[in-house]
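The lines below spell out each chain.
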Amino acid sequence: MRQYFPLCIFLALVVLIQLVTQITETAFYLTQLTMSAYYSLLIIGLCTIMGYAGQISLGHAGFFAIGGYLSAGLTTHNLQPFADTGITSLLDKAGLLVSSKDLYGDTLLTVHPWIACIVAISTAVIIALVLGGPVLKLKGHYLAMATLGFGIIIFRIAMATPYFGEADGLSGVPSFTLLPGITVSGDFGARIINYYIAWGTVLIGMLLLINLVNSRMGRALSALHGSEEAAQAMGVNTARAKLLTFVLSAAYAALAGVLLTHYNGSIGPGEAGVMKSVRYVAIVAIGGMAHLWGALIIGTLLNFMSMRGLFGSYDDAVFGIILILIMLFAPQGLLRLHIWKHIQKIKPKKHGTA
Amino acid sequence: MALLEVHNINKRFGGLHAVNDVSFSVSENTIKAVIGPNGAGKTTLFNLISRNIEANDGKVFFQNKPIHSLQPYEIAQRGISRTFQNIKLFHGMSALENVMVGCHPKSRAGFLAGILRLPSSLSEEKMIRERAYEFLDLLGIADLAHLEATSLAFGQQRAVEFARALASEPSLLLLDEPAAGLNIYETAKVAKLITKIQQRGITILLVEHDMSLVMDISDEIVVLSFGKKIAEDHPAAIQQNKEVIQIYLGEDDA
Ligand SMILES: Nc1ncnc2c1ncn2[C@@H]1O[C@H](COP(=O)(O)OP(=O)(O)OP(=O)(O)O)[C@@H](O)[C@H]1O
Ligand SMILES: [Mg+2]
């Protein structure tokens, strides 16, 4: 139970921030805080594969984009012209489609957001399985190379496919009713509820990952990070453990993509870019790799600052520099900088030279 | 029928024939030692059995079943556990957690059970923790349970690795130089411990340079030299073996 205590503090903090914005009439911050929440969902997933299983993925923006683009494509493209074709009518009869009226009163027939969401996440999971299966059997950081290639391909597909809107991306993505009364949408009036939906999702996501890292399989992951050879000698199927963690983190990224796209009502190829993946890796590194809370806090802060425009046009460069600085000066992450130790190390030197 | 049978196993590293057509067997509930000068191929032989490295050819049978094409983790699941000559503890984890990983083959909670904290996984987790404490206790290091394993003293690290290997409750335990770097007092404790776990029904194959330890506790000895098996016999006979004496005397001359 001890490990859940931070979750309670976290929940209290989420509520507190919302109340403060209400009192100070700064509710406009909620929009960026909501968006930060979805990025943080991706980041805590990436933290498990990087920090706990010790594998770097440079393709998580790709999984995010698969989630966002597929749900956007399926829920915006009108199937009405194909309403009489076999497959479409079959889908319709099965209740997988929804019809609505557009601005001009024409009937729109689109895939139900829940179905689109399931298709999007399943696709990400299958791709992660196919990509990670052979690569994670090898030792070393082959995953970084494979996922880098994958990320570039996804970006190119997004840029070149008319279905995904090419350089413009997709807009007009409808809202997504998760449960009656709980709808992911960017409507002005739904700002507060969406803030809570987003952070509620992160809370559940954190809970599941905290469970994982404190379980038998979580221990096996830390073990293989420590010594793959010894972990295998203790009966851990290391390839499988790494693969499942990779797939889980890809599913988190895809879910984040789905929800943020419905929240924003649009998605563009920028979300699929490799620079985004580098940014996520940098954030996990700053948070201290194997540190879910560190990743969450740093992820929320930096994404919030980035979206408030604090880094100006140097946005991507800032994350690149941060990554370099962290690797040079604080490979354990910013939150684990033992300042006192460093000072103590310096002291005797001074005496020596005096 | 022997518990472990090795048939004509070979390993070449480039031009070096590190293990040259070695065959031997280990009978159930005995202690067998593999000795030989530095670089004789003892560790390589262990790595071939535990499948950490691929043999060029040869067969290995365990409990009458072939195991020479299994994955290393499957070897552990079959009931063969090991320690490493250059200690391989999991850094960033406590001594207790290291030993808890050792319980892996004898527990089952999977990925989903862990994520969802299913009741079955919780009771198993409790069991794993208790088992791990028992093995730390057996090694006399229960008081170190919560210290980071890789920060411990050398002898204590060997003990944690020993406990971790035992935690998988193996039928066969491979010990690669369990007394290396230990003082006389610690070495005597290790000798006692090895006979104690043999009495629990565990078969032991060990590599060791400490001759008095080897002669004291082993039932049989295999001697390797430049990758080849040159003798296999009871300790008393090995001590009389001309070829063996020559190898060790030759080494002393150097
Ligand atoms: N992975 C490897 N690649 C190349 N050569 C290797 C490898 N592992 C071992 N060797 C070589 O194989 C030979 C046997 O090494 P091994 O470690 O098995 O010897 P050993 O009998 O365990 O020696 P020691 O008593 O010093 O531990 C040595 O010459 C060693 O250099
Ligand atoms: Mg050796």
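No experiment lies behind these values; they were computed from the predicted model shown. (Residues numbered from 1 in each chain as written. Chains lettered and ligands numbered in written order. Predicted model: local features only at pLDDT ≥ 70, side-chain atom pairs only at ≥ 80, totals over all residues. Heavy atoms only, no water.)

Trainee: Explanation requested: the overall build of chain B in the structure shown.
Mentor: A tally of helices and strands in chain B yields ten helices and ten strands. Over its C-alpha atoms chain B spans a radius of gyration of 19 Å, differing by no more than 12% from the 18 Å that the globule rule assigns to 254 residues. Across its three principal axes, chain B shows a C-alpha extent of roughly 60 × 40 × 35 Å. The 254 residues of chain B split such that 54% are buried. Considering only contacts in chain B between residues 6 or more positions apart, those separated by 24 or more positions represent 67%. (Helix = DSSP H or I, 4+ residues; strand = E, 2+ residues; numbered from the N terminus. Rg over C-alpha atoms; globule rule 2.2 N^0.38 Å. Buried < 20%, exposed > 50% of the residue type's maximum accessible area, 1.4 Å probe, protein only. Contact = heavy atoms within 4.5 Å.)

Trainee: Sorry, what's going on with the UniProt feature "transmembrane region" (unreviewed entry) in chain A here?
Mentor: As annotated by UniProt and renumbered to match this structure, "transmembrane region" (unreviewed entry) occupies residues 38-54, 61-79, 111-131, 143-164, 193-213, 243-260, 280-305 and 317-335 of chain A. With 100% helix and 0% strand, residues 193-213 of chain A has its two end C-alpha atoms placed 30 Å apart. (UniProt positions renumbered as here; feature names shortened; annotations may be inferred.)

Trainee: Help me understand the interface of chain B and chain A in this model?
Mentor: Where interface size is quoted, it is often the accessible area lost as the parts come together. Of the residues lining the interface, 34 residues belong to chain B; the matching set on chain A comes to 30 residues. Together chain B and chain A conceal approximately 2700 Å² of surface at their shared face, both sides included; 63% is due to carbon and sulfur atoms. With a shortest N-O distance of 2.5 Å, Arg219 of chain A and Glu125 of chain B are connected by a salt bridge. The tally of links between chain B and chain A comes to eleven residue pairs in polar contact (both at pLDDT 80 or more). Of all the secondary-structure elements, those providing two or more residues to the side of chain B that touches chain A are helix H2 (72-78), strand E6 (80-82), helix H3 (95-102), helix H4 (111-115), helix H5 (119-138) and helix H6 (154-167) of chain B. Taken together, the residues of the side of chain B that touches chain A break down into 16 nonpolar, ten polar and eight charged. (Buried area = accessible area lost by both parts, 1.4 Å probe. Salt bridge = Lys/Arg side-chain N within 4 Å of Asp/Glu carboxyl O. Polar contact = N/O pair within 3.5 Å; in protein donor to acceptor, adjacent residues only side chain to side chain. Nonpolar A, V, L, I, M, F, W, Y, C, P; charged D, E, K, R; others polar.)

Trainee: Explanation requested: the coordination of the magnesium ion (ligand 2) in the structure shown.
Mentor: Residue and element names in this part refer to chain B. Here the magnesium ion (ligand 2) is held by Thr43 (OG1) and Gln85 (OE1), and the distances to it run 1.9 to 2.1 Å. Remark: Gln85 occurs in the loop between E6 and H3 and Thr43 occurs in helix H1 (residues 42-49); sequence separation between them is 42 residues. Judged by its relative accessible area of 33%, Gln85 falls in the partly exposed class. (Donors = N, O, S within 2.8 Å, 3.2 Å for Na, K, Ca; no water.)

Trainee: How should the side chain of Glu177 of chain B be read in this particular structure?
Mentor: Residue and element names in this part refer to chain B. Mapped onto the fold, Glu177 is located in the loop between strand E7 (172-176) and helix H7 (184-199). Among buried Asp, Glu, Lys and Arg side chains, Glu177 stands out as unpaired, with Lys42 the closest opposite charge at 4.9 Å. A distance of 3.1 Å separates a polar atom in the side chain of Glu177 from a polar atom in the side chain of His209. (Lys, Arg positive; Asp, Glu negative; His and termini not counted.)

Trainee: I'm lost on the packing of helix H1 (residues 5-23) of chain A against helix H7 (residues 191-213) of chain A in this one. Help?
Mentor: Angle between the axes and distance between the axes: these two values describe a pair of packed helices. All names here are of chain A. Two elements in contact, H1 and H7, have axes whose closest approach is 11 Å; the angle formed by their N-to-C orientations is 165°. With respect to H7, the axis of H1 lies roughly antiparallel. When the axes of H1 and H7 are compared, the crossing they make is right-handed. Touching Leu7, Phe10, Leu11, Val14, Val15, Ile17, Gln18 and Gln22 of H1 are Ile192, Tyr195, Tyr196, Trp199, Val202, Leu203, Met206, Leu207 and Ile210, all from H7. Residue composition of the contact of H1 with H7, grouped by class: 15 nonpolar, two polar and no charged. (Axes fitted to C-alpha atoms, helices over the stretch in contact; angles between N-to-C directions. Parallel < 35°, antiparallel > 145°, perpendicular 65-115°, else oblique. Left-handed = near helix turned anticlockwise from the far one by under 90°.)

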